[in-house]
Each structure stands twice: as structure tokens, then as C-alpha cells.
Amino acid sequence: MKDVKVLGPGCKRCQATQAMVEAAARDLGLEVAVEKVTDYAEMAKYGILATPGIVIDGKVVHSGGLPREEDVRRWLQA
Amino acid sequence: MNVPVTSLRQVGKSQAAWFAGVAVALVAWFAIYGQLPALARWLVARMPIEQGSPLMTSIEFFFYDTPKVLMLLTLVVFAMGVVRSFFSPERTRALLAGKREGLGNIAAAHLGVVTPFCSCSAVPLFVGFVSAGVPLGVTFSFLIAAPMINEVALGLLFALVGWKVALTYLVFGLSVAIVAGWVIGRLHLEGWLEPWVREVRAGALEPEADHCTWIDRFEAGWDAVKEIVGKVWIWLIAGIGAGAFIHGYVPATLLSGIMGGNAWWSVPAAVVVGIPLYSNAAGIIPVVEALLSKGAALGTVLAFMMSVIALSLPEMIILRKVLSLKLIAVFIAVVALGILGVGYLFNALYS
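Residues numbered from 1 in each chain as written. Chains lettered and ligands numbered in written order. Predicted model: local features only at pLDDT ≥ 70, side-chain atom pairs only at ≥ 80, totals over all residues.

What about the sheet that holds strand β4 (residues 59-63) of chain A?
All names here are of chain A. Within the open sheet, the 4 strands sit side by side as β2-β1-β3-β4. Their pairing is mixed. Whereas interior strands pair on both sides, the edge strands pair on one side only; in this sheet they are β2 (32-37) and β4. The sheet shows a mean angle of 20° between the axes of neighbouring strands, taken without regard to direction. Of the pairings in the sheet, the one linking strand β3 (residues 53-56) to β4 comprises 4 bridges and is antiparallel in character. Looking at β4, one finds that isoleucine 54 is bridged to histidine 62. (Pairing = 2+ DSSP bridges. Helix = DSSP H or I, 4+ residues; strand = E, 2+ residues; numbered from the N terminus. Axes fitted to C-alpha atoms, helices over the stretch in contact; angles between N-to-C directions.)

Written out as C-alpha cells, the structure reads:
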């Protein structure tokens, strides 16, 4: 099971990103645990400079702006 | 072995399609743009309004300016979207880390103009910069320049008011960001950061390799158009409405009395009025255009505009998460002083 974290203070795009990750996981039939990180200190530890960020199994795969759907699928399947 | 070749060919093909599409769109853009004044006059002439009345002047300004500004905005935002695809906050940080003050401030202010940045990312960006060893003052130069020299405002000023004013805005915006950041750096206020910010050791994220194709860049431009134009059009129309009112009804003598170069108090008044006002940069430009045409002094108008754009309450509230109140007060004071200086200098230069 993949451990996915969505990093963002709760702005619109962060929520949209979380929804995208969840929808993509459902489509692919993958089991994932999606966690939302809204604490700035926690975010800073991952070194991202722009929100929303996506961390999968401890690795930053995306930061800044809405990701593309095909990319989200690729990251989840990797 | 065939697969990569065909996929490369496809990329080449759709890239050519994008280039052709952009070229056609540009030609159509200029053709339509040239016809706008005639169109506005034609529309107004069809209305039952007295020729030459203030109402007529207002309505004609509105009919002419609305499509004009929307078209300009689309063009500017698309171009900036493409330019910004060459920059990312990660790369900017890599460029600035370990830079000394002085040169670092200058570089940071320039990068602040072109690096994609949204105010909800202000905190992660701030923490990321400071913890990667970008000096506090240099970080501030970036944070001041990013909202103050708004690329949309710059493009619209260039098109509506002229290149001289646009260039002045750019040069003085950069100067304020550089000097204000440098002053904050000299004051050595690191101790006024919120404690957790000093303790955080950010993981170093490698700047991503640049694998953007031209298709990606054009798409980034188009995404920016959809997002920004979709968001600001209502501000723009409100701004044009205000501009149209000024244009038709406010007598020039009134404005040049209040906002002219002779009234020494007009610059600080413009800055103070501008701080709580929070408008989108796009909305303020039609107002600037109308004020200038009525004889308001350039320095006063620019001071008002920068104060509205650069010092905004929502951003201060976000930054409170990392800065102590004292540091926020210093930030506001230094930037406001910078804007004041620009206002006076300009009124002196251009009167």
C-alpha cells in the first residue's frame, strides 16, 4: 500500500489535488492512504517551495500547481 | 526501434500545429485590435445619447476599453505563462543560495519578477529559501518584488499608458525591492523570525531537470490565460467602470488639484489609502490610465498603484506564520518608505 501525502495549507488547489489523487487511485484500483499535511513546519521538512506538493512513500514527486492527471497515475503506479 | 521515431515525429507534428495556431491567433488578434476604436464609436453612435455629453464620454471609454484590455490581458498573460515555464522556485533558490547581499538582492528582485509564485505559497517559499542559506534580506528582496512588479500590470501599463511609464514602474519597483531587502538584511533581524522557522532544516530538493518541450510551454501559457483571465475579468470590468466614470465626470482641475505634483501630501495620502485597498493588479490599471489622462501626477499614481498591489493585508496575515509582528511592521515600513521615495522622485522628475 502506498503512503501518499498531499502538502498544502488548504487552498483550493490543494483540495483539488487531493481529490485528483484519490480519484486516480480508485480508477487504478490501488489501495492508498492519502494524508493531508497542513502544518508548515512539516511541509518545510520535505523542502518544497510551492504548494500543493505530493509526497509518495516519503519521496517528493510534485510541487507547485495542479499536477496533470496522467502524471498522477504514473506516480501512483511507479 | 520504430516506436521512439514515430512518437518523436508526432511531437514534431503537434509542435508545428501549436506554432501555426499561435501565429494565426496573433494575426487575428492584431486585425481585431485595430478595429476596436471604430467599433466603440459605432456602438455609441447607435445609442440615444447626446453627442459630447459626459455620459457619452464614459460609455465610449467603457466600450472601447473593455475589449481592448481583455485582449491585451490575454496576450500578456499567455506570453508571461510561456516565459515563466523557463523558471521555477527550486531553480531560483539554487541560484540564490549562498549569494552575498548586494548582488544577491539584485538577482533576487529580478528573479522575483519572472518566477511563478502564488501568495498561498509564500510561507513554504520563505522557509525554503531561508533554510537553504539564502540570506534573509535577499529573501525579502524576492518576496517584495514578486507581488510588486506584477507582470500583468507591467504588460497592461506598457500597452495602455506607454513604454516610459511601464519602464519607470519596472525600474523603480526593482529598486524598492533591492533597497528594502538590503536594509532589512543590514538590520540583522534573523532573531525576529518565528522560532520554528530558525530550527527547520529543510530537506534539499534537487531542482528538477528541465524536460519541457515547446508544447508544454505553450500549454503552460494557455493554462495561465484560462486561470488568470478567468479570475480577474470581473475586477477588470469593475476597474474599467471606475475609469470610465473618472473619464466622463471627474473634472480635470479637481484631480490635478488633489493628485497633482504641487500637493506635497498627495503621495503619502496615496500610499496610506492604498494599503488596505486590495485589488487585483489588472483591475487597478484602467483606473491608473484614467487618473493620468486627467492630469494626476505620475509619481502619485504610481505610488498609489504599488501600495495597492505590494502591501496587502491577506499576504501579511499569511506571512504572520513565519514572521513576528515586529518584523512584519519593519517590512511594511521599509516598503512604504520606498514607495514614498519613488512617488516624490517621480513627481520631481516629470513635473
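We are not done yet, so read on.
Overview of the nonpolar core
Formed by 113 residues in total, the largest nonpolar core has its most connected members in Ile144, Ala145, Leu156, Val301 and Val335 of chain B. Here the element with the most residues in this core is helix α2 (residues 54-84) of chain B; it accounts for 11 residues. (Core = buried A, V, L, I, M, F, W, Y, C linked by C-beta atoms within 7 Å. Buried ≥ 20, exposed ≤ 12 C-beta atoms within 10 Å, placed from the backbone.)

Examining the confidence of the model for chain B
Residue and element names in this part refer to chain B. Of the residues in chain B, 86% reach a pLDDT of 70 or more, and the chain-wide mean stands at 78. Here helix α11 (residues 252-259) is the element of chain B with the lowest mean pLDDT, 64, and helix α8 (residues 163-186) is the one with the highest, 87. Low pLDDT (under 50) marks residues 1-6, which in the prediction has 0 contacts with non-local residues, meaning those over four places away or in another chain. At the level of chain-chain contacts, confidence expressed as ipTM amounts to 0.77, with global pTM at 0.76. (pLDDT = per-residue confidence, 0-100. Contact = placed C-beta atoms within 7 Å.)

A closer look at the interface of chain B and chain A
Interfaces are often sized by the amount of accessible area the parts lose when they come together. Counting residues at the interface gives 18 residues for chain B and 15 residues for chain A. Listing elements by their share of the side of chain B that touches chain A, those giving two or more residues are α3 (89-96) and α5 (122-131) of chain B.

Focus on the environment of valine 342 of chain B
Residues and elements named next belong to chain B. Of note, valine 342 is situated in helix α16 (residues 325-350). Sequence spacing of valine 342 and phenylalanine 172 is 170 residues, and the spatial spacing of their C-alpha atoms is 6.6 Å. Among residues more than four places away in sequence, those in contact with valine 342 are Phe172, Val176, Gly299, Leu302 and Ala303.

Comments concerning the packing of α2 of chain B against helix α10 (residues 214-249) of chain B
Residue and element names in this part refer to chain B. Two elements in contact, α2 and α10, have axes separated by 7 Å at closest approach and are oriented at 160°. It follows that α2 is roughly antiparallel to α10 by the angle criterion. For the pair α2 and α10, the crossing hand works out as right-handed. Looking at the contact of α2 with α10, its residues break down into 25 nonpolar, 10 polar and 3 charged. (Parallel < 35°, antiparallel > 145°, perpendicular 65-115°, else oblique. Left-handed = near helix turned anticlockwise from the far one by under 90°. Nonpolar A, V, L, I, M, F, W, Y, C, P; charged D, E, K, R; others polar.)

Some points on unusual backbone geometry
All names here are of chain A. Following threonine 51, the chain continues to proline 52 via a peptide bond in cis, the omega torsion being -5°. By the secondary structure assignment, proline 52 is in the loop between α2 (40-45) and β3. A positive phi angle, close to 50°, is found at aspartate 57, a residue other than glycine. Along the chain, aspartate 57 turns up in the loop between β3 and β4.

Looking at the confidence of the model for chain A
Summary statistics for chain A give a mean pLDDT of 83 and a share of 100% for residues scoring 70 or more. Predicted confidence in chain A is weakest over α2 of chain A, with a mean pLDDT of 79, and strongest over β3 of chain A, with 87.

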